[in-house]
Amino acid sequence: MKLEKTKEKNFISAVIYIHNDQEKISVFAMELYRILKEKFLKFEMIFVDDASTDQSAEIIRTTTKQFEGCAVSILSMSYHQGVELSMNAGVDLSIGDFVYEFDSILKDYQTELIEELYQVSLEGYDIVCASPQNGQSIGSKLFYQIFNRFAHMEYMLQTERFRILSRRAINRVNSMSKTIPYRKAVYANCGLHLKNIRYKNEKAEKKKEKKDGREKRELALNSLLLFTDIVYRITSVMTMAMMGITFIMAVYAMTVFLTGKPIEGWTTLVLFVSVSFFGLFAILTMIVKYQAVILDLNFKKKTYTFDGIEKISK
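These numbers come from a predicted model, not from an experiment. (Residues numbered from 1 in each chain as written. Predicted model: local features only at pLDDT ≥ 70, side-chain atom pairs only at ≥ 80, totals over all residues. Heavy atoms only, no water.)

Per the secondary structure count, the protein includes eleven helices and eight strands. Within the span of the protein, comprising 314 residues, buried residues form 45% of the whole. Counting contacts in the protein only where the partners sit at least 6 residues apart, residues at least 24 apart contribute 83% of the total. Here the protein has roughly 17,300 Å² of accessible surface; of this, 60% comes from carbon and sulfur atoms. (Helix = DSSP H or I, 4+ residues; strand = E, 2+ residues; numbered from the N terminus. Buried < 20%, exposed > 50% of the residue type's maximum accessible area, 1.4 Å probe, protein only. Contact = heavy atoms within 4.5 Å. Areas by Shrake-Rupley, 256 points an atom, 1.4 Å probe, with all protein chains shown as cover.)

Here is the structure:
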């Protein structure tokens, strides 16, 4: 009884993304359970199985049978839908006052860091993230450099291993958009206090995350289109370039017309083509800007689907 009085009273949810992680999921689940059991009086663990083709789900069932005082659920996605939609489904299912998000079970940090993020959140931060100091791929570094350069957000995005959200943060984000295409960007732009804890990697983990290259590229491209003005800037530069080319061609056409003997109709054709291309790029710029405004107001609707929720324990 005395030990329970020292535990945190807030209800904690832990949402863990799983996709073909049978080799490491058992160890990760047991370490996570140990720290949650030690620090929190009430908590739940939600494993989101993104259509794994291995024995990940069965290993979770076997491992979690020994977990006492913990509600465990496996949310099985209907088909492979990626980290973002799968984690959205898991967070929607969670009921905790605070929710941990583990986008992968890649673990290069001390287990005690999990409890540290919770303590930092109690200082008034609705979103607290854990980021490694090194080990990021060249592609990730390039993406975050471009994203942070053109997104104009208060917080700079970077590679994260996991994070904790207050229920207020979840409610705020859900009120901002019906769907969350890229959670980190929405969290950084929700207007609540966010803090990033950078830690020294415990060990050099060579294995990369489970996202395949196509999924990562699609997420990166969608995020740049949704949250940055890079496309608008590119089209604006192209429009300015066409303006310059139009002016040069117009001057050249008039010079030839006045000083030379151009073919009949050549000057008119050149001027028409130059002005037409300039107008085309100008219209394109306005369309891109208009679409950017619409996206700022309401994200493109996407939905996730799952074929069942299995309650392992109550």
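From this point, the discussion proceeds with the structure in view.
It is worth spelling out the pairing of strand β1 (residues 12-18) at this point. Of all seven residues in β1, seven are buried, a share of seventy percent or more. Two elements, β1 and strand β2 (residues 43-49), share seven bridges in a ladder whose sense is parallel. Across the sheet, Ile12 pairs through a bridge with Phe43, a residue of β2. Examined bridge by bridge, β1 and strand β4 (residues 98-102) share five bridges and lie parallel to one another. (Pairing = 2+ DSSP bridges.)

Take the pattern of salt bridges next. Applying the stated criterion to the full structure yields 13 salt bridges. Glu58 is the partner of Arg61 in a salt bridge, and the nearest nitrogen-oxygen pair spans 3.3 Å. On the criterion of helical spacing, the pair formed by Arg61 and Glu58 is a turn pair, its members being three residues apart in helix α3 (residues 56-64). Measuring nitrogen to oxygen at the nearest pair gives 3.3 Å for the salt bridge that ties Asp103 to Arg163. (Salt bridge = Lys/Arg side-chain N within 4 Å of Asp/Glu carboxyl O.)

Glancing now at the packing of aromatic side chains. By the definition in use, this model includes eleven aromatic pairs. Here Phe40 and Tyr118 contribute two aromatic rings whose centre-to-centre distance is 4.8 Å and whose plane-to-plane angle is 90°, an arrangement assigned as edge-to-face. Placement of Phe40 in the loop between α2 (25-39) and β2 and of Tyr118 in helix α5 (residues 112-121) is noted, with a sequence separation of 78 residues between them. Take Phe40: its relative accessible area is 1%, and that puts it in the buried class. Arranged with centres 4.9 Å apart and planes meeting at 45°, the rings of Tyr109 and Phe162 form a pair that is tilted. Here Tyr109 is found in the loop between β4 and α5, whereas its partner Phe162 is found in strand β6 (residues 162-166), with 53 residues between them in sequence. Summarising the burial analysis for this pair, Tyr109 and Phe162 share the class buried. Put simply, the rings of Phe28, Tyr100, Phe102, Tyr109, Phe162 and Tyr199 touch in pairs and so form one group of aromatic residues. One cation-aromatic arrangement involves Lys107 over Tyr109; the distance from NZ or CZ to the ring centre is 5.2 Å. (Phe/Tyr/Trp six-rings, centres within 6.5 Å; stacked < 30°, edge-to-face > 60°. Lys NZ or Arg CZ within 6 Å of the ring centre and 35° of its normal.)

At a minimum axis distance of 9 Å, the contact between α2 and α3 shows a crossing angle of 40°. Crossing handedness for the pair α2 and α3: right-handed. Counting all contacts with α2, which are made through Ile25, Ser26, Ala29 and Met30, the residues of α3 involved are Ser56, Ile59, Ile60 and Thr63. Grouping the constituent residues of the contact of α2 with α3 by class yields five nonpolar, three polar and no charged. (Axes fitted to C-alpha atoms, helices over the stretch in contact; angles between N-to-C directions. Left-handed = near helix turned anticlockwise from the far one by under 90°. Nonpolar A, V, L, I, M, F, W, Y, C, P; charged D, E, K, R; others polar.)

Quick look at the packing of α2 against α5 now. At a minimum axis separation of 9 Å, α2 and α5 run at an interaxial angle of 45°. Between α2 and α5, the crossing angle belongs to the class labelled oblique. With respect to the hand of their crossing, α2 and α5 are arranged in right-handed fashion. Facing α2, whose interface residues are Leu32, Arg34, Ile35 and Lys39, α5 presents Glu112, Ile114 and Glu115. Of the residues that constitute the contact of α2 with α5, the class distribution is three nonpolar, no polar and four charged. (Parallel < 35°, antiparallel > 145°, perpendicular 65-115°, else oblique.)

Residues of the protein with pLDDT of at least 70 account for 83%, and the chain-wide mean is 82. Between the elements of the protein, mean pLDDT differs from a low of 59, seen in helix α1 (residues 2-5), to a high of 98, seen in β4. Segment residues 206-211 is flagged for pLDDT under 50; beyond a separation of four residues in sequence, or across chains, it makes eleven contacts in the model. (pLDDT = per-residue confidence, 0-100.)

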